[in-house]
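Fold and geometry: a report
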Amino acid sequence: MVLSFLLLAAAAGRVRAASAPKTVFVRSPDNPLVAIRIVFRVGAVDDPKGKEGLAALTAEMVGHGGTRARTYAEVLDALYPMAAQIGVYADKESVVFEGMVHRDNLAAFAELLAQQILTPRFAADDFTRNRQDAVDAITKSLRGNADEELGKQAMASVLYQGHPYGYPSEGTVAGLRAISLDDVRQFFARHFAQDRMIVGVAGGYPDGFAEAFAGRFAALPSKSPPLPALPKPPVLRGTQVLIVEKDARADAISIGHAISITRHDADFYPLFVARSYLGEHRTFSGVLMNELRGNRGLNYGDYAYVENFIQDGWSTFPLPNIPRRQQHFELWLRPVPPQNALFALRAALFETDRLIHDGIPEAAFQATKVFLTNYANLWTQDVSRRLGYAIDAAIYGKDLIAELQARLPKMKKADVDRAIRKHLSVSNLAVAIVAQDGAGLQAKLLSKQPTPITYDTSGTPPDVLATDRLIEKFPLPLAKGAVRVVPVEQMFER
């Protein structure tokens, strides 16, 4: 792994690993911007039982708190004239501190960022604010007005029940309320060490800057406990449906099952092509988008993934530096009018099942290869994203963009069809539906009756209507105990 890290990071730029922390440098001297990403292989997998959210809260206290030298308000005042900010995000196995500045402000920005990580203030007022923000993120945002994200998190709670991936990275309400400021201090001292750290610098930085900046973090402890071993995801016996009942005008749906591969595996890349064909995120190139939205007007969008996906801000692109050792296949259906929710669920499974049985059409395979060859370049369109992908390459041992560019020209339809049949299924799924009438939806699911679509307008083409008659009867074999209704107030409470 270390050798792979060195070779791949060296291919992306410069790498220094003679002593911890590890580094990834991607220099582009003519670029006036400099991006810094500091990634710790720390996350929800490190949360102690009963204190779910401790890793993410600690990250917030470091990145969005004061330092020994400055209160947090003074940190913000110092960042303002640079038009810069320190971004923080945490996932199951990573915590990221990042920012991008004009090189004229690099020295001052780097000093602020280093102080955040090396000398966090851990002030009581910062703790109160950050912990309340985390609780509000669950009780107000996730439960209240983020039904699409709620559906995804609810699906994960079924797919990864009893597993560290089975609750939001922010934590649970009970877990967050059990965390003290001393817990944060101790967690930081124990886990934010050089052996879990990657320092990344990219862009037009001056000679010697990156090495000197990385060298500052030799002040951190050299070793932390090893990244915890992960249990296998639970084996689902039949499809399990969780209906999250809340006041909602439309039903958000997420569907998934675990897969046994990551970017490190050869099968990931033909499966990645199948995913793009089925439902590239927020594009009209995917089958689901065209069939559910384009032909039937069911909702805003329908997508497919073969690894953890978080959208990067308001872009349409994946957020880098959220690596996981275990991944899953996921279908994400944006909210559908309640009367058509089960038709949409069946339609997504119908199209996936058709892909598994028929394989990817040859013409679509060729078109998807061309699309991905070009589209993937957009994922590294700025210096910060290039750095993010270079760091991911160091972690996975494979550079996603480079692998696609190298493999796509040689890939055959048979490679994709084989990967689909080996890794995708429409059985034993985890399904989450956010809906207002939980009992009614549960009864419809268990009735095993067809769920036809209701169109608001006339003029649907005959071939679409003919396919509708197949979709409305697509099997949803569910046992009585396989469909649960949970009030939203109980989601992620503990």
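This structure is a prediction, so every number in the text was calculated from the model and none was measured. (Residues numbered from 1 in each chain as written. Predicted model: local features only at pLDDT ≥ 70, side-chain atom pairs only at ≥ 80, totals over all residues. Heavy atoms only, no water.)

Concerning the packing of helix H2 (residues 54-63) against helix H8 (residues 181-191)
Look at H2 against H8: their axes get within 9 Å of each other, and the N-to-C directions meet at 85°. When the axes of H2 and H8 are compared, the pair comes out roughly perpendicular. Together, Leu54, Ala55, Leu57, Thr58, Met61 and Val62 of H2 and Leu181, Asp183, Val184, Phe187 and Phe188 of H8 make up the contact between the two elements. Looking at the contact of H2 with H8 residue by residue, the classes come out as 9 nonpolar, 1 polar and 1 charged. (Axes fitted to C-alpha atoms, helices over the stretch in contact; angles between N-to-C directions. Helix = DSSP H or I, 4+ residues; strand = E, 2+ residues; numbered from the N terminus. Parallel < 35°, antiparallel > 145°, perpendicular 65-115°, else oblique. Contact = heavy atoms within 4.5 Å. Nonpolar A, V, L, I, M, F, W, Y, C, P; charged D, E, K, R; others polar.)

Quick look at the pattern of salt bridges
This model, assessed by the stated rule, comprises 24 salt bridges. Among the salt bridges present, the one from Asp182 reaches Arg185, with a minimum N-O distance of 2.9 Å. Separated by 3 residues within a single helix, Asp182 and Arg185 lie in helix H8, roughly one turn from each other. Note on Arg185: relative accessible area 36%, which makes it partly exposed. Note that Glu351 and Arg354 form a salt bridge whose closest N and O atoms lie 3.0 Å from each other. Linking Glu351 with Arg354, this pair stays in helix H12 (residues 341-358), spanning 3 residues, or about one helical turn. Via salt bridges that share partners, Arg41, Glu93 and Arg325 belong to a single interconnected network. (Salt bridge = Lys/Arg side-chain N within 4 Å of Asp/Glu carboxyl O. Buried < 20%, exposed > 50% of the residue type's maximum accessible area, 1.4 Å probe, protein only.)

Focus on the packing of aromatic side chains
A ring pair, where both rings are aromatic, is described by two values, the distance of the centres and the angle of the planes. Inspection of every chain in the model, using the stated rule, returns 19 aromatic pairs. Judged by centre distance (5.5 Å) and plane angle (70°), the rings of Phe122 and Phe188 are edge-to-face. Here Phe122 is found in the loop between helix H4 (106-118) and helix H5 (124-145), whereas its partner Phe188 is found in helix H8, with 66 residues between them in sequence. Each member of the pair, Phe122 as well as Phe188, is classed as buried. With a centroid separation of 5.2 Å and 80° between ring planes, the pair formed by Phe213 and Phe217 is classed as edge-to-face. Take Phe213: its relative accessible area is 3%, and that puts it in the buried class. Members of the aromatic cluster, connected to one another through ring pairs, are Phe268, Tyr269, Phe272, Phe317, Phe371, Tyr375 and Trp379. (Phe/Tyr/Trp six-rings, centres within 6.5 Å; stacked < 30°, edge-to-face > 60°.)

Remarks on unusual backbone geometry
The phi dihedral of Phe122 falls on the positive side, at around 50°, and the residue is not glycine. Exposure remark for Phe122: the relative accessible area of 8% places this residue in the buried category. Phi is positive for Lys448, which is not a glycine, with a value near 60°. Structurally, the position occupied by Lys448 is in the loop between helix H17 (438-447) and helix H18 (462-471).

Digging into the sheet that holds strand E10 (residues 430-435)
One open sheet holds the 6 strands; their spatial order is E8-E9-E7-E10-E6-E11, and the pairing between them is mixed. Of all the strands in the sheet, just strand E8 (302-305) and strand E11 (483-487) have a single pairing partner and so form its edges. Ignoring strand direction, the axes of neighbouring strands in this sheet form an average angle of 15°. With 8 bridges joining them, strand E7 (residues 251-259) and strand E9 (residues 327-336) adopt antiparallel strand pairing. (Pairing = 2+ DSSP bridges.)

Some remarks on helix H3 (residues 72-79)
What H3 keeps buried is the set Tyr72, Val75, Ala78 and Leu79. Around the axis of H3, the buried residues are gathered within 115° of arc, so they sit on the same side. Looking at the buried positions of H3, the neighbouring elements they touch are H2, H4 and H5. (Arc of directions from axis to C-beta.)

Description of the pairing of E9
For E9, the tally of buried residues reaches 9 of 10 residues, placing the bulk of the element in the interior. The pairing of E8 with E9 spans 4 bridges and is classified as antiparallel. Opposite Tyr305, over in E9, you have Glu330 as the bridge partner.

Quick look at the confidence of the model for the chain
With 96% of its residues at a pLDDT of at least 70, the chain reaches an overall mean of 94. Within the model, the stretch residues 1-19 combines pLDDT values under 50 with 35 contacts to residues more than four positions away or in other chains. (pLDDT = per-residue confidence, 0-100.)

Some thoughts on empty space enclosed by the protein
This model, assessed by the stated rule, comprises 1 cavity of 30 Å³ or more. Volume-wise, the largest cavity comes out at about 210 Å³. As for the largest cavity, its lining consists of 22 residues, and the residues nearest its centre are Arg263, Glu307, Asn308, Phe309 and Pro318. Of all the secondary-structure elements, those providing two or more residues to the lining of the largest cavity are helix H10 (268-279) and helix H14 (383-396). Here the lining of the largest cavity gets 3 residues from one element, more than from any other, and that element is H14. (1 Å grid on protein atoms, 1.4 Å probe; cavity = no way out; pocket = protein on both sides within 12 Å on 5 of 7 lines; lining within 4 Å. Points joined across faces, edges and corners; volume = space filled by probe spheres on them.)

Focus: the sheet that holds strand E3 (residues 87-90)
Spatial strand order, E1-E5-E2-E4-E3: 5 strands in an open sheet with mixed pairing. Because the sheet does not close on itself, it has two edges, and the strands there are strand E1 (22-27) and E3. Each strand axis lies, on average, 15° off the axis of its neighbour in the sheet, ignoring direction. Both strand E2 (residues 33-40) and strand E4 (residues 95-102) contribute to a ladder of 8 bridges, which runs antiparallel. From the neighbouring strand, Val39 faces E4, where its bridge partner is Val96. The strands that H2 touches are E3 and E4; relative to E4, the one it contacts most, it runs at about 25°. H14 contacts E1, E2, E4 and strand E5 (197-203) of the sheet and is inclined by roughly 30° relative to E2.

A short note on the layout of surface pockets
Size it by volume and the largest pocket reaches roughly 1,600 Å³. Forming the walls of the largest pocket are 50 residues, and the residues nearest its centre are Tyr89, Glu170, Ile310, Gln311 and Leu319. Of all the secondary structure elements, the ones that give two or more residues to the lining of the largest pocket are H2, E3, E4, H5, helix H6 (147-159), E9 and H14. It is H5 that contributes the most residues to the lining of the largest pocket, 7 residues altogether. Looking at the lining of the largest pocket, its residues break down into 21 nonpolar, 13 polar and 16 charged. Taken as a whole, the second largest pocket holds about 680 Å³ of empty space. For the lining of the second largest pocket, the secondary-structure elements that each account for two or more residues are helix H7 (173-178) and E11.

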